[in-house]
Amino acid sequence: MKVAHHGSGYSSSVTFFQMVHPRIAMIGVGEHNLYGHPAHIVIKRLEERKIKILRTDLDGSFSIITYLGEHLIYR
């Protein structure tokens with residue numbers, strides 16, 4: 001799933017995660033941005049659910065391809 005609004009604190013609630021059950025979360029965010037995105041609470045929510053987190057500020061650009069039910073991540 002793509003995390004909304006660069007992972008701001010209001011972008012992804014616990015209820016939302018319980019409804020969609022994502023396996024991978026993609027966060028598009030600039031390095032050293034002035035807004036502090038992604039919010040620590042959003043990262044915590046993702047980590048508590050053992051959702052793999054990909055962030056453009058840490059991982060650079062990436063692609064995800066689903067093939068035969070598997071998610072392949074290319075960096």
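About the cut-offs
- Residues numbered from 1 in each chain as written.
- Predicted model: local features only at pLDDT ≥ 70, side-chain atom pairs only at ≥ 80, totals over all residues.
- Heavy atoms only, no water.
- Helix = DSSP H or I, 4+ residues; strand = E, 2+ residues; numbered from the N terminus.
- Rg over C-alpha atoms; globule rule 2.2 N^0.38 Å.
- Buried < 20%, exposed > 50% of the residue type's maximum accessible area, 1.4 Å probe, protein only.
- Contact = heavy atoms within 4.5 Å.
- Areas by Shrake-Rupley, 256 points an atom, 1.4 Å probe, with all protein chains shown as cover.
- Lys, Arg positive; Asp, Glu negative; His and termini not counted.
- Charge placed at Lys NZ, Arg CZ, Asp CG, Glu CD.
- Patch = residues over 30% accessible without salt bridge, like charges linked within 9 Å, V, L, I, M, F, W, Y side chains within 5 Å.
- Salt bridge = Lys/Arg side-chain N within 4 Å of Asp/Glu carboxyl O.
- Phe/Tyr/Trp six-rings, centres within 6.5 Å; stacked < 30°, edge-to-face > 60°.
- Pairing = 2+ DSSP bridges.

## Regarding the overall build of the chain
Secondary structure assignment for the chain yields three helices and four strands. Ordered by position from N to C terminus, the α and β elements of the chain give α-β-α-β-α-β-β. Since a compact globule built from 75 residues should have a radius of gyration of about 11 Å, the 12 Å found for the chain is in line with a globular shape. Across its three principal axes, the chain shows a C-alpha extent of roughly 40 × 30 × 15 Å. Residues classed as buried in the chain amount to 31% of the 75 residues present. Long-range pairs, those at least 24 residues apart, make up 52% of the contacts in the chain between residues at least 6 apart in sequence. When the accessible surface of the chain is summed, it comes to about 5,300 Å², and 57% of that surface belongs to carbon and sulfur atoms. Taking the average location of the 9 positive side-chain charges in the chain and that of its 6 negative ones, the two points are 6 Å from each other.

## Structural notes on a nonpolar patch on the surface
A cluster of nonpolar side chains, contributed by I65, Y67, L68, L72 and Y74, occupies part of the molecular surface with about 560 Å² of accessible area. Elements with a contribution of two residues or more to the nonpolar patch: β3 (63–67) and β4 (70–74). Positionally, Y67 belongs in strand β3.

## A closer look at the packing of aromatic side chains
The final tally for this structure, using the stated rule, is one aromatic pair. Considering the side-chain rings of F16 and F17, the 6.1 Å spacing of their centres and the 55° angle between planes classify their relative orientation as tilted. By relative accessible area, which is 36% here, F16 ends up partly exposed.

## As for the side chain of S8
Looking at the secondary structure, you find S8 in the segment before α1 (14–20). A relative accessible area of 9% means that S8 is categorised as buried. Other than its neighbours up to four places away in sequence, S8 contacts H37, A39 and V42.

## Thoughts on the pairing of β3
Where β3 lies against β4, five bridges are found, and the strand directions are antiparallel. Among the inter-strand pairings, T66 is bridged to a residue of β4, identified as H71. Here β3 folds back onto β4 in antiparallel fashion, the turn holding two residues, of which L68 has a positive phi close to 50°.

## A closer look at the pattern of salt bridges
In total, this model carries three salt bridges according to the counting rule given. R49 serves as the salt-bridge partner of E48, at 3.5 Å between the closest nitrogen and oxygen. Using a relative accessible area of 29% as the deciding quantity, one classes R49 as partly exposed. The partner of R55 in a salt bridge is D57, with the nearest N and O atoms 2.6 Å apart. One exposure class covers both R55 and D57, and it is buried. Members of the salt-bridge network, linked through shared partners, are K44, E48 and R49.

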